[in-house]
Amino acid sequence: MNDIIIKLGECVEFGKISLASPYPPAMKGQPGADELTREALENGLSPQSVLNDALIPAMNRVGNKFTEGKIFVPQMLLSAKAMNSAMKHLKPFFQNGEIKRKGVFVIGTVMGDLHDIGKNLTGMMVEGSGWEVIDLGTDVPAEKYIQALDEHPGAVCGMSALLTTTMSNMQPMIATIRAKYPETKVVVGGAPLNAEFAQKIGADAYARDPQDNINWLDSIVA
């Protein structure tokens, strides 16, 4: 059974989505994250173990490699897709409470901005690290965050912006959210941002990449 966990972790780390996927070439013709997750569950491995012992460590390795410049966005996306192919088998266990989430993370690209690659990647990585992710999409006004917080009290909010013209929307959005939910924690990210800007607009944290985001999220629930 430990062998399945190791192989599943490798599939996620190297982006082997399923048996049919040709990438990576060295794993062509081998079962991917999809088949191995199903096999693990059918053989009695607990869903929590699949998440904690295979998926989360693998995604942490991927995130660290990206931070260190050893892999790039295309490889991260393949790993995230492999992780998602495994997560679809775990969804029912999240819904019935058999697997415990670390918390709820609400993410969106801020009002006026339609860029979503960074947001999507962060959302997939955060989900793979054990959080429930509510993706609000792009061009998201503060009201959508408030609606999500109405439905998920205590959720953490993440805001992404790729344009200097839209990053300025973050401060009034945070103020609007905090007017109703003063204790809400907010993390911001995106190419034009930095930690100084995040502090200036009242965000709790700045994430330079998905792994940085995950590390901060995990620190607030530790």
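Remember, predicted model here, so these are calculated numbers, not experimental data.

Rules of the game
- Residues numbered from 1 in each chain as written.
- Predicted model: local features only at pLDDT ≥ 70, side-chain atom pairs only at ≥ 80, totals over all residues.
- Heavy atoms only, no water.
- Domains from an automatic or database assignment.
- Contact = heavy atoms within 4.5 Å.
- Buried area = accessible area lost by both parts, 1.4 Å probe.
- Salt bridge = Lys/Arg side-chain N within 4 Å of Asp/Glu carboxyl O.
- Helix = DSSP H or I, 4+ residues; strand = E, 2+ residues; numbered from the N terminus.
- Buried < 20%, exposed > 50% of the residue type's maximum accessible area, 1.4 Å probe, protein only.
- Polar contact = N/O pair within 3.5 Å; in protein donor to acceptor, adjacent residues only side chain to side chain.
- UniProt positions renumbered as here; feature names shortened; annotations may be inferred.

Quick notes on the domain arrangement of the protein
Item 1. According to the domain assignment, the protein consists of domain 1 (1-98) and domain 2 (102-218).
Item 2. A separation of 25 Å is found between the C-alpha centroids of domain 1 and domain 2.
Item 3. Across the contact, 18 residues belong to domain 1 and 13 residues belong to domain 2.
Item 4. Surface buried jointly by domain 1 and domain 2 totals about 1300 Å² across both partners, of which 70% is contributed by carbon and sulfur atoms.
Item 5. Interface area lost by domain 1 to domain 2 is led by Met-59, Thr-67 and Met-76, which between them contribute 28%.
Item 6. In this structure, the connection of domain 1 to domain 2 is made through 1 salt bridge.
Item 7. Of the charged contacts in the structure, one is a salt bridge between Lys-91 and Glu-127, with a shortest N-O distance of 2.5 Å.

Looking at the side chain of His-89
Item 1. Examined against the element boundaries, His-89 turns out to sit in helix 4 (residues 73-95).
Item 2. Judged by its relative accessible area of 18%, His-89 is buried.
Item 3. Within the structure, His-89 has its side chain in polar contact with the side chain of Asp-34 (distance 2.6 Å).

Some words on the UniProt feature "domain: B12-binding" (unreviewed entry) in the protein
Item 1. Feature annotation in UniProt assigns "domain: B12-binding" (unreviewed entry) to the following positions: residues 102-222.
Item 2. Each end of residues 102-222 is marked by a C-alpha atom, and these two atoms are 9 Å apart; helix forms 45% of the span and strand 18%.

A word on the UniProt feature "domain: B12-binding N-terminal" (unreviewed entry) in the protein
Item 1. The residues that UniProt annotates with the feature "domain: B12-binding N-terminal" (unreviewed entry) are residues 32-102.
Item 2. Helix makes up 76% of residues 32-102 and strand 0%, whereas the separation of the span's terminal C-alpha atoms amounts to 26 Å.

So, the pattern of salt bridges
Item 1. Considering all chains together, one arrives at 13 salt bridges under this definition.
Item 2. Overlapping salt bridges, with partners in common, bring together Glu-13, Arg-61 and Lys-65 in one network.

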